[in-house]
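Topology and contacts: notes
Spelled out, the chains give:
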Amino acid sequence: MQQPDWSGPLTAAYSSALAFLTDLPDHPVGAAPDREALLAALDGPLPEGPQPAGGVIEQLAAAADPGIMRSTSGRFFGFVVGGSTPAALAADWLTATWDQNAGLFALAPAASVIEEVTGRWLRELLGLPGHATVAFVTGGQMANFTGLAAARHEVLRRAGWNVEVDGLHGSPRLRVLVGAERHDTIDRALRYLGVGTAAIEAVAADEQGRMDPAALARALDGADGPIIVCAQAGGVNSGAIDPVGEICDRAHRAGAWVHVDGAFGLWAAASPSRRHLLDGVEKADSWATDAHKWLNVPYDSGLLFCAHPQAHRAAMSVRAGYLIHGSGDAIDLTPELSRRARGIPVYAAIRHLGRAGVAALVDGGCGAATRFAESLAAHDGVRIHNEVTLNQVLVSFDDDDRTRAVVRRVQDDGTCWVSGSVWRGRAVMRISVTNWSTDLDDVDASVTAMLRCLEAERASAPARTNGVLGGSPTRARP
Ligand SMILES: *Cc1c(COP(=O)(O)O)cnc(C)c1O
């Protein structure tokens, strides 16, 4: 076998990665959303023959660069997006190099052991039961899917129905109680599972978006059929965490399964100063979270924990004559068969940060969010719409139109990047501090840019009359 040229393409990738990363703090955060220019740089006829790999990588890096959103920057605050710590990124390179199929121990012994160890560390970090199974999936969506598949199995089994064999035709009616401010991936998971969104009963949430346990108790009153309750740790807008302990107590009294969607908020459990927000979370039956959000592991990396290994396996396991099955194989816990060893970067991230580093990551994000809220609220016409208990801040400027216009200006300005949303009927700018490298200087520079954009917008469109779209400018409220 001939030795191929590894050095050419890998050196090209290393050089452009290093240039990209070291340039990150000084580069405009937003990407140029110019599809035509990107096509001109990247498109062409299907290549007929080979080209040297190193040249392909150099050309790819240069052509894609203008369209690469700097979402790994410490001044990216859009959606809920983490970056990559150096250890996690480097481990991800090795993961690709080793190219293990992590479904089976027999096929990937080291990856299996790394994921076993990582799973134990994660349970300990997040304060989850030691016997919980751990599945390394692509993200929160598939973690919710996997957890709800285990839930569907178990609540129907208790009702005398084998859903894996008999499907849902003719099954006892399944009720799914969810908070009004749940993430849309819960609905989508229920579609994937054939449960259907008609099974969803939305439970009222308070003004922060937290499920109201009294409303849940009313919905559960006298119930005796199969029920799944979905609690949320970290609403995607306000960051609010449901009272999960109380939800678990009430749901379990009614024989329901509690699944917690904690895509980013579950990480609060890793911080001694925030852990109280999740009191009782260990009582739930399944938990979904992401490593690619607050742990700052490269995409794609989600996690599902299940307190009922039997139910988890019943929902996911697979047997095939040509495979070599072992007792702890990941294919019995994940929806995938072949699978990237995505536990490896998680292992490196935790090994690098340690318990204290993960806590500092969470506390740093929360502290930066608080600084955003306090700095912005000091200005006339700027209003903060949520209690900043975690890493999310909802801001409005004057009225809805102004808020949307400021969001656009901030995106174009390049100092930082934020996205907009609608919260309780009002247009808001969402700030999510999820990046490991964000410091208070990043926050201050971003606040300055936001206020500059607000002033520019007021100067260009000054005449807002009587607030048809959300009222006259309000005095800032801390
Ligand atoms: C991001 C998010 C999800 C979806 O996670 P993905 O990793 O994007 O699939 C689900 N729930 C909540 C609360 C989230 O914030």
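Note that this is a predicted model, so its numbers are computed, not measured.

About the cut-offs
- Residues numbered from 1 in each chain as written.
- Predicted model: local features only at pLDDT ≥ 70, side-chain atom pairs only at ≥ 80, totals over all residues.
- Heavy atoms only, no water.
- Helix = DSSP H or I, 4+ residues; strand = E, 2+ residues; numbered from the N terminus.
- Buried < 20%, exposed > 50% of the residue type's maximum accessible area, 1.4 Å probe, protein only.
- Contact = heavy atoms within 4.5 Å.
- Near = heavy atom within 4 Å.
- Polar contact = N/O pair within 3.5 Å; in protein donor to acceptor, adjacent residues only side chain to side chain.
- Nonpolar A, V, L, I, M, F, W, Y, C, P; charged D, E, K, R; others polar.
- Salt bridge = Lys/Arg side-chain N within 4 Å of Asp/Glu carboxyl O.
- Expected span 1.5 Å × (residues − 1).
- Axes fitted to C-alpha atoms, helices over the stretch in contact; angles between N-to-C directions.
- Parallel < 35°, antiparallel > 145°, perpendicular 65-115°, else oblique.
- Arc of directions from axis to C-beta.
- Core = buried A, V, L, I, M, F, W, Y, C linked by side-chain atoms within 4.5 Å.
- Pairing = 2+ DSSP bridges.
- Patch = residues over 30% accessible without salt bridge, like charges linked within 9 Å, V, L, I, M, F, W, Y side chains within 5 Å.
- Areas by Shrake-Rupley, 256 points an atom, 1.4 Å probe, with all protein chains shown as cover.
- 1 Å grid on protein atoms, 1.4 Å probe; cavity = no way out; pocket = protein on both sides within 12 Å on 5 of 7 lines; lining within 4 Å.
- Points joined across faces, edges and corners; volume = space filled by probe spheres on them.

Another point: the environment of Ala205. Along the chain, Ala205 turns up in the loop between strand E3 (200-203) and helix H9 (213-220). A residue is classified by how much of its surface remains accessible, and Ala205, at 27% relative accessible area, is partly exposed. Expressed as a C-alpha distance, the spacing of Ala205 and Ala180, which sit 25 residues apart in the sequence, is 5.7 Å. Not counting the four nearest positions on each side in its chain, Ala205 is found in contact with Ala180, Glu181, Arg210, Met211 and Asp212.

Moving on: the site of the ligand. Taken together, 14 residues surround the ligand, and among them Gly140, Gln141, Asp261, Asp290 and Lys293 come closest. Taking Asp261, its side chain carries an N or O atom lying 2.7 Å from a nitrogen atom of the ligand. Lys293 places a polar side-chain atom, nitrogen or oxygen, 2.9 Å from an oxygen atom of the ligand. Taken together, the residues of the shell around the ligand break down into three nonpolar, eight polar and three charged.

Attention shifts here to the pattern of salt bridges. Applying the stated criterion to the full structure yields 25 salt bridges. Between Arg458 and Asp398 there is a salt bridge, with the nearest N and O atoms lying 2.8 Å from each other. With Arg458 in helix H14 (residues 440-460) and Asp398 in the loop between strand E9 (392-397) and helix H13 (400-413), this pair connects stretches of sequence that are 60 residues apart. Residues joined by salt bridges that share partners form a network here, namely Asp398, Arg402, Glu455 and Arg458.

With that out of the way, let us pick up H14. A rise of 1.5 Å per residue sets the reference length of H14, with its 21 residues, at 30 Å; its end C-alpha atoms lie 30 Å apart and thus fit the reference within 8%. For H14, the set of buried residues is Asp442, Val443, Ser446, Val447, Ala449, Met450, Leu451, Cys453, Leu454 and Glu457. Where H14 is buried, its residues touch helix H12 (343-377), strand E8 (382-384), E9, H13 and strand E11 (426-432). Two or three places before Asp441, at the start of H14, stands the capping residue Asp439, its side-chain oxygen 3.1 Å from that residue's backbone nitrogen.

Axis separation between helix H6 (residues 140-158) and helix H11 (residues 309-316) bottoms out at 8 Å; the angle between their running directions is 105°. As summarised for this structure, H6 and H11 are arranged roughly perpendicular, according to the angle between their axes. The segment H6 lies against H11, with Phe145, Thr146, Ala149, Ala150, His153 and Glu154 engaging Ala311, His312, Ala314, Ala315 and Met316. Along the lines of polarity and charge, the residues of the contact of H6 with H11 split into seven nonpolar, three polar and one charged.

Next up on the list: H11. Considered for burial, the residues of H11 that qualify are Ala311, His312 and Met316. Projected down its long axis, H11 shows its buried positions confined to an angular sector of 115°, all on one face. Where H11 is buried, its residues contact strand E1 (133-137), H6, strand E5 (257-261) and strand E7 (302-306).

Further remarks concern the nonpolar core. In terms of nonpolar packing, the biggest core is built from 52 residues, with Val229, Val258, Val260, Trp267, Leu278, Trp287 and Leu295 touching the most fellow members. Going through the elements one at a time, helix H5 (109-126), E1, H9, strand E4 (227-232), helix H10 (244-253), E5, E7 and H12 are the ones with two or more residues in this core. For this core, the element with the highest residue contribution is H12, accounting for six residues. If near-sequence neighbours (up to four positions away) are discounted, Val229 is found in contact with Leu177, Met211, Leu216, Ile247, Ala251, Ala256, Trp257, Val258 and His259. In terms of nonpolar packing, the next biggest core, distinct from the first, is built from 29 residues, Leu174, Val178, Ile200 and Leu333 among them.

Take the environment of Ser71 next. With respect to the helices, strands and loops of the structure, Ser71 is situated in the loop between helix H3 (53-64) and helix H4 (86-98). Along the backbone, Ser71 and Ala31 are 40 residues apart, and their C-alpha atoms lie at a distance of 9.2 Å. The contact partners of Ser71, leaving out residues within four places of it in the chain, are Phe76, Val81, Gly82 and Asn435.

What follows concerns the sheet that holds E5. On the basis of which strands lie adjacent, the open sheet formed by seven strands has the order E1-E7-E6-E5-E4-E2-E3 and mixed pairing. At either end of the open sheet lies a strand with only one pairing partner, and these are E1 and E3. With strand direction ignored, the average angle separating the axes of adjacent strands in the sheet is 20°. Sitting on the sheet, H6 is in contact with E1, E4, E5, strand E6 (286-290) and E7, with an inclination near 180° to E5. Its contacts with the sheet put helix H8 (residues 184-192) on strand E2 (175-179), E3, E4 and E5, and the angle it makes with E5 is roughly 130°.

What follows covers a nonpolar patch on the surface. Taken together, the side chains of Tyr14, Leu18 and Trp93 make up a nonpolar region of the molecular surface, amounting to roughly 310 Å² of accessible area. Tracing the backbone through its elements, the reader meets Leu18 in helix H1 (residues 7-23).

Enumeration over the complete set of coordinates arrives at two cavities of 30 Å³ or more. Here the largest cavity is characterised by a volume of approximately 40 Å³. Considering the residues around the largest cavity, the lining is formed by Gly179, Ala180, Glu181, Arg182, Ala205, Gly209, Met211, Cys230, Gln232 and Asp242. Its boundaries defined by the atoms lining it, the second largest cavity holds a volume of some 30 Å³. Forming the boundary of the second largest cavity are Asp92, Val297, Pro298, Tyr299, Asp300, Ser301, Arg340, Arg342 and Pro345.

Considered as a void within the structure, the largest pocket measures approximately 1400 Å³ in volume. Along the wall of the largest pocket there are 44 residues; nearest its centre are Ala17, Phe20, Leu21, Leu89 and Trp93. Residue assignment for the lining of the largest pocket shows that the elements contributing at least two residues are H1, H3 and H4. With ten residues, H1 is the single largest residue contributor to the lining of the largest pocket.

To continue, consider the sheet that holds E9. On the basis of which strands lie adjacent, the open sheet formed by four strands has the order E8-E9-E11-E10 and antiparallel pairing. Whereas interior strands pair on both sides, the edge strands pair on one side only; in this sheet they are E8 and strand E10 (419-423). When strand polarity is set aside, the average angle formed by the axes of neighbouring strands in this sheet is 40°. Where E10 and E11 come together, five bridges link them in antiparallel fashion. Looking at the pairing, Val422 lines up with Ala427 of E11. Against the sheet, H13 makes contact with E9, E10 and E11, and its axis sits at roughly 30° relative to E11, the strand it touches most.

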